[in-house]
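Given next are the chains, with one letter for each unit.
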Amino acid sequence: MGRISMATRDELVAALVERYAGCSRSEPGLILDEFVAVTKFHRKHAARLLKGRSRGRRSEPRPGQRVYDDAAREALIVLWEASDRICGKRLRPLLPVMLEAMERHGHLQLLPEVRTGLLAMSAATMDRALREAKGQPGKKRRRAPPSAAVRRSVPVRTFSDWGDPAPGFIEADLVAHGGPTAAGSFVQTLVLTDVATGWVECAPLLYREQKLLTEVLGEVRKLLPFPLIGFDTDNDTVFMNETVRDYCRDSSIVFTRCRPYQKNDQAWVKQKNGAIVRRIVGYRRFAGLEAAAALARLYRSVRLFVNFFQPSFKLAEKSREGAKVRKCYHSPATPYQRLIADARATDEIKRQVKAQFETLDPVRLLNDIRAGQRRLVEIADAPEVPLLIEQPTLEQFLFSLRTAWKEGEVRPTARRKAPGTRKKRNTPDPFALVAVELRAWFEAEPWRTSAELFARLRTEHPDAYASGQLRTLQRRLKEWRRDMAHLMVFGRPPADEAIGEETEMETQ
């Protein structure tokens, strides 16, 4: 029989303690035998529990007698600092050597009783005495996993479980705006996507906090044209907690979660993370109140432009034929059009969104989005770009739409690559030391295969190259043969090499 939990043992003790106290002379032994067999307690400990002697006792450790005084602790701190803050297990064997050396050079003078106490101190006692000194205020605490009890209370919903829900069942996710590093605090975007219509709402979070999340969610619910019926999230701790769970329960919202490490369960909102948030906001780092306020102003225009003037595809069905997957999509439509066409939406909802649609100017909305993007760039690149970017008027922006395609990427938040730049190697070049030698072999006998040159290279340099590096040499020879063919036909190297040579000459 397996071991029972501590909670079950406590319940068993509470149920038997009165019976044990009021039974006849022959029954206590039988009760005690059965209790020991079930709980696996020692017989003496079990008897004390049933007699009520251990009930109500605190499980805290008993206060021990203090052996080492403050003088010994201060001397230990000095020795610990002098040894470059090593741990107690390393400090214990070093302590006699350090103590003698510091006394010999006049750095430390201890009383005989303090010196004797330090030499008798164990490694564990040293670590306990140094606990306050170590402190480490800047050390980050590992983020605690979501509560198992909360996860169990939130039902799992997979991608196939959606079916055809009514408007109001929403998937939610967070998009981090930490830029190239996740260190420190930065703004996050809460993205909500309606499964039925594709309606998208975005709102900035100044920091990751569950109470702030529920407050922002309450504000976003006021902007939704339909009531929020279902709220589906991933297993992030900012969602999987009592605050969000209780908020959904009190608001009569169905709270569900996806399976861990199964991103396809949230395919609707994951697609919007890249197609809307990353495409409009980009990958810069945004932190602080100013950036959060700028994002909020930008999202006020984005929500109207995307939901009313940006058609999107929606998956109708998916079938598998062996290893091939066939997908069928509905005709592209905006979330506004899908909401109007949905028979489950009330007439009042349709009347409100139609009235709002008639007042919207898509050109003005796009101009506001571009202005918001420029403002975000100013905030993110403030140390690098101190000058403010001139904001065009609506007429200037409308005129620029005719020729904007000639300039390529027009989103201010998009990072442009310098012309002629190549992707750098992530690993060291294994043939860097023999590149000249290999090139000479190739030019002398260009008909040689990569395998033949690699075999010669391993003969000339034994134990220097593994057989798995043949593929790297094959790619190198492919580039050399392409360059040689281009040189024979056109009389010059390829354009990308010419650009690289010009850039190198300019830098020199």
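Reading guide: rules and limits
- Within every chain, residues take consecutive numbers counted from 1 along the sequence as written.
- pLDDT decides what is reported in this predicted model: residues at 70 or higher carry local features, side-chain atom pairs at 80 or more are listed and counted, and totals for whole chains, interfaces and linings draw on all residues regardless.
- To obtain the side-chain values, all non-hydrogen atoms of the structure were included, while hydrogens and water were left out.
- Aromatic contacts are taken between Phe, Tyr and Trp rings whose centres are within 6.5 Å, Trp giving its six-membered ring; a plane angle under 30 degrees counts as stacked, one over 60 as edge-to-face, and the others as tilted.
- Comment: elements are numbered from the N terminus, with helices defined as DSSP H or I runs of at least four residues and strands as E runs of at least two.
- Categorising residues by exposure relies on relative accessible area from a 1.4 Å probe, with only protein chains included: less than 20% of the type maximum marks a residue as buried, more than 50% marks it as exposed, and the intermediate range marks it as partly exposed.
- Two thresholds decide whether a charge sits over a ring: the Lys NZ or Arg CZ must be within 6 Å of the ring centre and within 35 degrees of the ring normal.
- The predictor attaches a confidence to each residue, called pLDDT, with possible values from 0 through 100.
- Throughout, a residue-residue contact means that at least one pair of heavy atoms, one from each residue, lies within 4.5 Å.
- Salt-bridge detection follows one rule: a side-chain nitrogen of Lys or Arg within 4 Å of a carboxyl oxygen of Asp or Glu.
- Take the buried Ala, Val, Leu, Ile, Met, Phe, Trp, Tyr and Cys residues and link them wherever side-chain atoms come within 4.5 Å; each set so joined is a nonpolar core.

(A) Highlighting the packing of aromatic side chains. Under the criterion given, the structure shown has 15 aromatic pairs. Consider the rings of Phe309 and Phe357, whose centres lie 5.6 Å apart with planes at 35°: the pair is tilted. With Phe309 in helix H13 (residues 289-309) and Phe357 in helix H15 (residues 347-358), this pair connects stretches of sequence that are 48 residues apart. Taking 4.7 Å as the distance between ring centres and 15° as the angle between the ring planes, the aromatic pair formed by Tyr336 and Phe357 counts as stacked. Of the two residues, Tyr336 sits in helix H14 (residues 335-341) while Phe357 sits in helix H15, which places them 21 residues apart along the sequence. On the accessibility criterion, Tyr336 (11% relative accessible area) is buried. What links up through ring pairs into an aromatic cluster is the set Trp199, Phe226, Phe305, Phe308, Phe309, Tyr336 and Phe357. Positioned above the aromatic ring of Trp441, the side-chain terminus of Arg456 is 4.1 Å from the ring centre.

(B) Fine view of the confidence of the model for the protein chain. Scored by pLDDT, the protein chain comes out at a mean of 82, with 83% of its residues at no less than 70. In the predicted structure, residues 497-508 sits below a pLDDT of 50 and forms 3 contacts with residues beyond four places in sequence or in another chain.

(C) Representation of the pattern of salt bridges. The final tally for this structure, using the stated rule, is 26 salt bridges. Between Arg157 and Glu171 there is a salt bridge whose closest N-O contact spans 3.4 Å. With Arg157 in the loop between helix H9 (148-153) and strand E1 (169-176) and Glu171 in strand E1, this residue pair connects regions lying 14 residues apart in the sequence. Per residue, the accessibility class of Arg157 equals that of Glu171, and both read buried. Salt bridges sharing partners connect three or more residues here, namely Arg245, Asp246, Arg249 and Asp250.

(D) Expanded view of the nonpolar core. With 60 residues, the main nonpolar core has Leu190, Leu192, Phe231, Phe239, Val281 and Val302 as its most contacted residues. With 11 residues, the top contributor of residues to this core is H13. With sequence-adjacent residues up to four places away left out, Leu192 is seen in contact with Ile170, Glu171, Ala172, Trp199, Val200, Glu201, Leu217, Val220 and Phe231. With 19 residues, the next largest nonpolar core counts Leu76, Leu79, Leu108 and Ala129 among its residues.

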